[in-house]
Amino acid sequence: MTQRARLITPQGKKIELSPEIYRQIRHLITNSVRRRPQTRITQAIANTYGKYAGGRSLTQALLTERTTERAREEKKLGRARG
């Protein structure tokens, strides 16, 4: 007795698949288009990794800028309350 592949729909319906259809679906799933963007992302990360190493810390620059903004806001609020 051989088992046949079945596809189960979101509604729970079971559809028997021929071996050829099963192979085609399996091929589509394993070579999914959804996986290709991940390759582009990985390539972009590899191309830019270390690009800013040794340079100015962008995080530190952002924190410094934010501290300056807060001090300016506090000063402005102090004058408004004053």
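In case you missed it, the structure is sitting above this.
Scoring rules and cut-offs
- Residues numbered from 1 in each chain as written.
- Predicted model: local features only at pLDDT ≥ 70, side-chain atom pairs only at ≥ 80, totals over all residues.
- Heavy atoms only, no water.
- Helix = DSSP H or I, 4+ residues; strand = E, 2+ residues; numbered from the N terminus.
- Buried < 20%, exposed > 50% of the residue type's maximum accessible area, 1.4 Å probe, protein only.
- Areas by Shrake-Rupley, 256 points an atom, 1.4 Å probe, with all protein chains shown as cover.
- Salt bridge = Lys/Arg side-chain N within 4 Å of Asp/Glu carboxyl O.
- Pairing = 2+ DSSP bridges.
- Contact = heavy atoms within 4.5 Å.
- Patch = residues over 30% accessible without salt bridge, like charges linked within 9 Å, V, L, I, M, F, W, Y side chains within 5 Å.
- Lys, Arg positive; Asp, Glu negative; His and termini not counted.
- Charge placed at Lys NZ, Arg CZ, Asp CG, Glu CD.

Student: Would you mind going over the overall build of the protein with me for this structure?
Tutor: When helices and strands are tallied, the protein shows three helices and two strands. Reading the secondary structure of the protein in the N-to-C direction produces β-β-α-α-α. When the 82 residues of the protein are sorted by exposure, 5% land in the buried category. When the accessible surface of the protein is summed, it comes to about 8200 Å², and 56% of that surface belongs to carbon and sulfur atoms.

Student: Please explain the pattern of salt bridges as it appears in this structure.
Tutor: Any two side chains of opposite charge can pair, on the condition that their charged atoms come close. Counting across every chain of the model gives three salt bridges. Across the salt bridge formed by Glu69 and Arg66, the nearest N and O atoms sit 3.0 Å from each other. Here Glu69 pairs with Arg66, and both are found in helix 3 (residues 58-81), just three residues apart, close to one helical turn. Of the residues examined, Arg66 reaches a relative accessible area of 33% and is grouped as partly exposed.

Student: I would appreciate a short explanation of the pairing of strand 2 (residues 14-17) in the present structure.
Tutor: Two faces belong to every sheet, and in a regular strand the side chains alternate between them. Direction of pairing for strand 1 (residues 5-8) relative to strand 2: antiparallel, over a ladder of four bridges. Opposite Arg6, over in strand 2, you have Glu16 as the bridge partner.

Student: Explanation requested: the environment of Glu16 in the structure shown.
Tutor: Mapped onto the secondary structure, Glu16 falls in strand 2. A C-alpha to C-alpha distance of 4.4 Å links Glu16 and Arg6, two positions 10 residues apart in sequence. When near neighbours in sequence (up to four residues on either side) are disregarded, Glu16 contacts Arg4, Ala5 and Arg6.

Student: Any chance you could explain a positive patch on the surface here in plain terms?
Tutor: Together, Arg72, Lys75, Lys76 and Arg79 make up a positively charged patch on the protein surface. By the secondary structure assignment, Arg79 is in helix 3. Among the residues examined, Arg79 registers a relative accessible area of 62% and is labelled exposed.

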